[in-house]
Structure formats: C-alpha cells, structure tokens
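Spelled out, the chains give:
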Amino acid sequence: MGKVTKLSVATLAIMNVTAVVSLRGLPAEAEYGVSSAFYYLFAAIVFLIPTALVAAELAAMFSDKQGGVFRWVGEAFGKRMGFLAIWLQWVESTIWYPTVLTFGAVSLAFIGMNHAYDMTLASNRLYTLVVVLGIYWLATFISLKGMSWVGKVSKVGGLVGTIIPAGLLVVLAIVYLVAGGTPHMDFHGSFFPDLTNFNNLVLASSIFLFYAGMEMGGIHVKEVDNPSKNYPKAVLIGSLVTVLIFVLGTFSLGIIIPKEDINLTQSLLVGFDRYFAFIKASWLSPIIAIALAFGVLAGVLTWVAGPSKGIFAVGRAGYLPPFFQKTNKIGVQRNILLIQGAIVTLLGLLFVVMPSVQSFYQILSQLTVLLYLIMYLLMFAAAIYLRYNLKDVARPFRIGSKGNGLMWIIGGLGFLGSLLAFILSFIPPGQIAVGSNAMWYSVLVIGCIVVVVAPLIIYAMRKPSWKDSYVERTLQMIHTTKHHVCVVAYYLADESSNGICLYESYLAAKKVAGNRAVFYSDGGNEWNND
C-alpha cells in the first residue's frame, strides 16, 4: 500500500485562503479608510480563527461520519436543530446567488470601452435583473444535465477571477504611489474607528460574510502531520495572509477612488479603470472585467447544485416531503434546484422596489450575513456543549490539551463575535440609500423569521410516508442489483443521522438481501449495521 501523502502547513494555509478570499466586498470596507484594517483584524480574531479551530475539532470528532453541520449541531441539540442548521446553510447560499451575480453583471457591463456608458449600464436595474436571472437559470439547466466538466472550472475561475486580479490591484496601487499619484485615502487617519456611530458599524459587520466558509477547511484536519500543533499554525498563517489580502486590496481602492464616490457594486471595476488610465493602458480594462466576471460565473456554475446536496441528502432520510426528494434520470436533485431557482427569481424582483442596484446588493448581503450567523451561533454552542455531552469521544484534534477552558475562550469568542455582528447587521447603513427603513427592517426581520420557522414547521409535520419514500428507494436499489454476482453487500446511506428511516430501511433490506450484508457506517454500535 502506498504511503498516504500528508498536507504541509503551507498547503493547508493556502487552501484556507482560497476558500474565503473574494474581491467583490472590498468597496464596502474602502469607505472606512485606514480604520478598515481594524475591522478586518477584529473579525479575524473573533470569528475567522475561532471558526477554523472549532470546525476542525468537530470535523475530526465525526470524521468517520457524514453530515457536516447537520451532524455537529444534531449531536448536541437533537435532529430538529441539526435540520435547522443545514437548512440555514442551504437558504443562505440561495440568497447569496443574486448578490454575487449582481457583481458579475456589473463586471460584464464594464467590458465596453465607453466608461460613462458602462457605469450607466451597470446601474440599470432591468439590465442587472435580466443578467442575474439569465445566468442563474442557465447554470441550473447545466447542473440538471449533470455535466461533470463544470467542477474543473472553479480552479481556473479562482485563479483568473480572484488571485491574479487581487495581486494586480495591489501592484497597480504601488506603481501609482511610486509614480507620484495623489492618494485619495488619508493615511494619517485613526486605526481605531468611531465605535459610537452605529451607522458605520453595519457595513463593517458584513466582513463576517467575507470570512464565511472557513469551517470547510476543518475536514482536512486529519490530513496534516501532528494536527494539534500544525493545524493551528496553518490557521494562523492562512488568517494572516487573508487579512493582508483584504487590507491591501481595500487600501488599493481607497487610494484611487475618493470616499464619496465609492459604489458597492461598481468601485472595484472603476478602480481598475482609473489605474489602467493612469498607466496609459485602458485597453486592459475590458480584460480585467472579463476575468472578474468569469471568476463569478465559474463559481456560480460550480456551486449552484452544491449546497443543495446537503439538504437533499438529509431530506431523503425523511426530513422533507417526497416532492423535495425527487431526482431526474441521472440522480440530480431536480425539484430542490427548481425551488431554489424560484427563490432566486423572487429575490431578483426586489430590483423593482429597491432604489438602486447597490441598495439591493446591500440588503441581500445583510440577510445572507444574518442567516449564516445563526448557523454559526449554533455551531459554536454545539462545540462547547459537546465537550460535556460527549466528553469521552475521541478528538484527534482538540482545542486545548486538557480541560475545557480554552474551548470556552475560543468557542465563546466566536459565539459572542457572531452575536455582535448579528445585532449590528440590522442597522441600516448611513452611507447607502436603501429606501425606507421600514423596507429595510421588513426584509431582514421577516426574512429571518420565515427562514428559521419554516424548517421547524416542516420537522414538526413529518409523516411516516416521507420515510416510506426512503425505504422504497432502498428496496429498488436491491431489486435492481440482487442478481449481479459482483454485488456482495449493500450500503444504506450517507450524510444522514441514524433514526427511524434507517432502522426501517435496514429491516426491509435484510428481508430481501439474502446472505448479503447491509452496512450503514453512521450506525456506529447500533443494531442496523452489519
């Protein structure tokens, strides 16, 4: 057997960086000048690092079981809360699509050479709505066809649409300053912001969304030599590099664009335009616009079906009605994708009632932050609770070698940081016209209530027929393969918690499986696993 290749500290740090870095949010923080560095650093300390470390411990605890946040929260607070957590993860990603596609639409608008026309087109709500919905439904159609090549697009998209433009933006800012360009950012400003002005804090709270996704790196914790020492080192290095990229990128925009001219959706493209004009290379503007648009579109194309797989897998275990469990001929979660598309379409219609494209972008970004933070609150609370509820379970990676003090500090810091950002996210930003405050609060408050209450109602209304669909699929699998001599055993499920559906499936399978074994790896020491 070949030697298993372990990840180096540097490799894992780079993986953590590429998992969270995105340029589309830089204009929101360029509003704050030098003090933006404080916000980035503060959010990294109270959210980014705690998220990475807590997720690593949870992922290592349940490395032999699937389910992600559904498993982590479910083991602590029961399946109802686990279902809520994975539901929030799915809905949050669904709301995220219009915001990231808005940035993609703006990037496409800047492909032309007429700067004034480009800005006018990018501000047109009808144009943005058509592009957002057109691209999203195209990506959905491709996902339904199960085209495997789309997975390769993300690698190129991440390099072309994020890493290269980030490096180029910083280099252009340095060239601009060295060549005698006049910076619009006041570098003599205070590093510490005016924390008494709540209007200034709402945009800063969106930084927490910049760092969302770091928990995904936790699945690699056992792939590192000496994880108790090297994983925290990789997290700290990755966090430092991430903060550095965000700070330098934000400063680069602040240098070339006056504070009063910053636009959440356009300023990244405008910044490149101005730098290219300064070095007499305006012909590069359409190229960078295409690169940024490609990065966004590649990400959406790659991920449009991804987050729905988690809720689909849990739903198949009897947590969702049979309608949500339907697939097409090639096994793609058809109905969930169509419902996801309907939600994106309805959200897109907010373009009609919001005063501008950037106000639409901001309000959906804030709703995304709120929903994601609820999930993180559950995750941090679960990590602390499991230290007592499952204190004897092996932890290949553990925060603190002895006792629970360090977990309370790290997990508590992440929980309180998430709670603070959650509260601040409700405050309307003073820098952006978002329409009436009533509209702002209505979308955020009602949106949160509906999204949180919906899965709890669905869970309470579960019917035996929902799990019967699961049992039926298990029997269908066996009946279609039972005459194949190469089949020696059957595997019941993946990414689901053990319960009534798996118990019933095991009993039904044993009646028709003959002498073949029936396995369910998440069954542990329970009886429904041969």
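Nothing here was measured: the structure is a model prediction, and the numbers come from that model. (Residues numbered from 1 in each chain as written. Predicted model: local features only at pLDDT ≥ 70, side-chain atom pairs only at ≥ 80, totals over all residues. Heavy atoms only, no water.)

1. Remarks on the overall build of the chain
Assigned secondary structure in the chain consists of 20 helices and 2 strands. The buried share of the chain, taken over its 530 residues, is 56%. Element-wise, carbon and sulfur atoms account for 67% of the exposed surface of the chain, whose accessible area totals about 22,700 Å². (Helix = DSSP H or I, 4+ residues; strand = E, 2+ residues; numbered from the N terminus. Buried < 20%, exposed > 50% of the residue type's maximum accessible area, 1.4 Å probe, protein only. Areas by Shrake-Rupley, 256 points an atom, 1.4 Å probe, with all protein chains shown as cover.)

2. Comments concerning the packing of helix α11 (residues 227-256) against helix α12 (residues 267-278)
At a closest axis distance of 9 Å, the pairing of α11 and α12 adopts a crossing angle of 65°. Between α11 and α12 lies a crossing of left-handed hand. Every residue of α12 that contacts α11 at Ser252, Leu253, Ile255 and Ile256 is listed here: Ser267, Leu268, Gly271, Arg274 and Tyr275. Looking at the contact of α11 with α12 residue by residue, the class counts come to 5 nonpolar, 3 polar and 1 charged. (Axes fitted to C-alpha atoms, helices over the stretch in contact; angles between N-to-C directions. Left-handed = near helix turned anticlockwise from the far one by under 90°. Contact = heavy atoms within 4.5 Å. Nonpolar A, V, L, I, M, F, W, Y, C, P; charged D, E, K, R; others polar.)

3. Notes on the confidence of the model for the chain
Looking at the chain as a whole, the pLDDT averages 81, with 84% of positions reaching at least 70. Of all helices and strands in the chain, the one with the weakest mean pLDDT is helix α9 (residues 198-205) (66), whereas helix α17 (residues 405-424) scores best (93). (pLDDT = per-residue confidence, 0-100.)

4. Some words on the nonpolar core
What tends to happen in soluble globular proteins is that the nonpolar side chains get buried as a cluster. Judged by nonpolar contacts, the single largest core of 146 residues is most densely connected at Tyr40, Val54, Phe83, Trp87, Tyr211 and Leu268. Leave out the neighbours within four places in its chain, and Phe83 touches Phe70, Ile311, Val314, Tyr319, Leu320, Pro455, Ile458 and Tyr459. Core analysis: the next-biggest nonpolar cluster, separate from the first, contains 8 residues, Ile478, Tyr490, Tyr506 and Val518 among them. (Core = buried A, V, L, I, M, F, W, Y, C linked by side-chain atoms within 4.5 Å.)

5. Overview of a nonpolar patch on the surface
On the surface, Tyr441, Val445, Ile449, Val453, Ile457 and Met461 cluster together into a nonpolar patch covering about 510 Å² of accessible area. Here Met461 is to be found in the loop between α18 (437-460) and α19 (464-481). (Patch = residues over 30% accessible without salt bridge, like charges linked within 9 Å, V, L, I, M, F, W, Y side chains within 5 Å. Salt bridge = Lys/Arg side-chain N within 4 Å of Asp/Glu carboxyl O.)

6. Structural notes on helix α4 (residues 69-77)
Within α4, 7 of the 9 residues are buried, which leaves the element mostly enclosed by the surrounding structure. Within the span of α4, buried status applies to Val69, Phe70, Arg71, Trp72, Val73, Gly74 and Ala76. In the stretch just after α4, Gly78 is the one whose phi turns positive, near 100°.

7. A closer look at the environment of Glu215
In this structure, Glu215 sits in the loop between α10 (207-210) and α11. Looking at Glu215, the relative accessible area reads 4%, which means it is buried. Glu215 sits 163 residues away from Ala52 along the chain, and the two C-alpha atoms are 5.2 Å apart. Not counting residues within four places of it along the chain, the set of residues in contact with Glu215 comprises Thr51, Ala55, Trp72, Gln89, Tyr372, Met375, Tyr376 and Met379.

8. Digging into the packing of α4 against helix α5 (residues 79-109)
Where α4 meets α5, the closest approach of the two axes is 7 Å, and the angle between their N-to-C directions is 150°. Between α4 and α5, the angle falls in the class roughly antiparallel. Viewed along their axes, α4 and α5 form a crossing whose handedness is right-handed. Where α4 abuts α5, its residues Val69, Phe70, Val73, Gly74 and Phe77 lie against Lys79, Met81, Gly82, Phe83, Ala85, Ile86 and Gln89. Taken together, the residues that form the contact of α4 with α5 break down as 8 nonpolar, 3 polar and 1 charged. (Parallel < 35°, antiparallel > 145°, perpendicular 65-115°, else oblique.)

9. Considerations on the packing of aromatic side chains
Under the criterion given, the structure shown has 28 aromatic pairs. Considering the side-chain rings of Tyr211 and Phe246, the 5.8 Å spacing of their centres and the 55° angle between planes classify their relative orientation as tilted. Taken together, the positions of Tyr211 in the loop between α10 and α11 and Phe246 in helix α11 put the pair 35 residues apart, joining distant regions of the chain. Neither residue differs from the other here; Tyr211 and Phe246 are each classed as buried. With a centroid separation of 4.9 Å and 20° between ring planes, the pair formed by Tyr372 and Tyr376 is classed as stacked. Of this pair, Tyr372 and Tyr376 both sit in helix α16 (residues 357-389), 4 residues apart, which is roughly one turn of that helix. For the pair formed by Tyr372 and Tyr376, the shared burial category is buried. A network of ring pairs unites the aromatic residues Tyr32, Phe38, Tyr39, Phe42, Phe191 and Phe192 as a single cluster. (Phe/Tyr/Trp six-rings, centres within 6.5 Å; stacked < 30°, edge-to-face > 60°.)

10. Brief notes about the pattern of salt bridges
Going through the model one piece at a time under the given rule, you end up with 3 salt bridges. Across the salt bridge formed by Glu57 and Arg395, the nearest N and O atoms sit 3.1 Å from each other. Taken as a pair, Glu57 in helix α3 (residues 36-61) and Arg395 in the loop between α16 and α17 lie far apart in primary sequence, 338 residues in all. By relative accessible area, which is 13% here, Arg395 ends up buried. Its salt-bridge partner being Arg71, residue Glu75 comes within 2.8 Å of it at the nearest N-O pair.

11. Re the side chain of Thr242
Turning to its location among the elements, Thr242 is positioned in helix α11. Setting aside chain neighbours within four positions, we find Thr242 in contact with Val17, Val20, Val21 and Tyr211.

12. Describing unusual backbone geometry
Excluding glycine, a negative phi dihedral is what most residues carry, and trans is how most peptide bonds are arranged. A positive phi is found at Lys280, a non-glycine position, where the angle reads about 60°. Assignment of secondary structure puts Lys280 in the loop between α12 and α13 (285-303).

13. Quick look at helix α15 (residues 334-348)
For α15, built from 15 residues, the straight-helix expectation of 21 Å at 1.5 Å per residue is met to within 8% by its first-to-last C-alpha distance of 21 Å. Among all positions of α15, only Asn335, Ile336, Leu337, Gln340, Gly341, Val344, Leu347 and Gly348 are buried. (Expected span 1.5 Å × (residues − 1).)

14. Digging into the environment of Val344
As for its position among the elements, Val344 is in helix α15. Judged by relative accessible area, Val344 falls into the buried class, the value being 0%. C-alpha of Val344 to C-alpha of Tyr97: the two residues are 247 residues apart in sequence and 7.2 Å apart in space.

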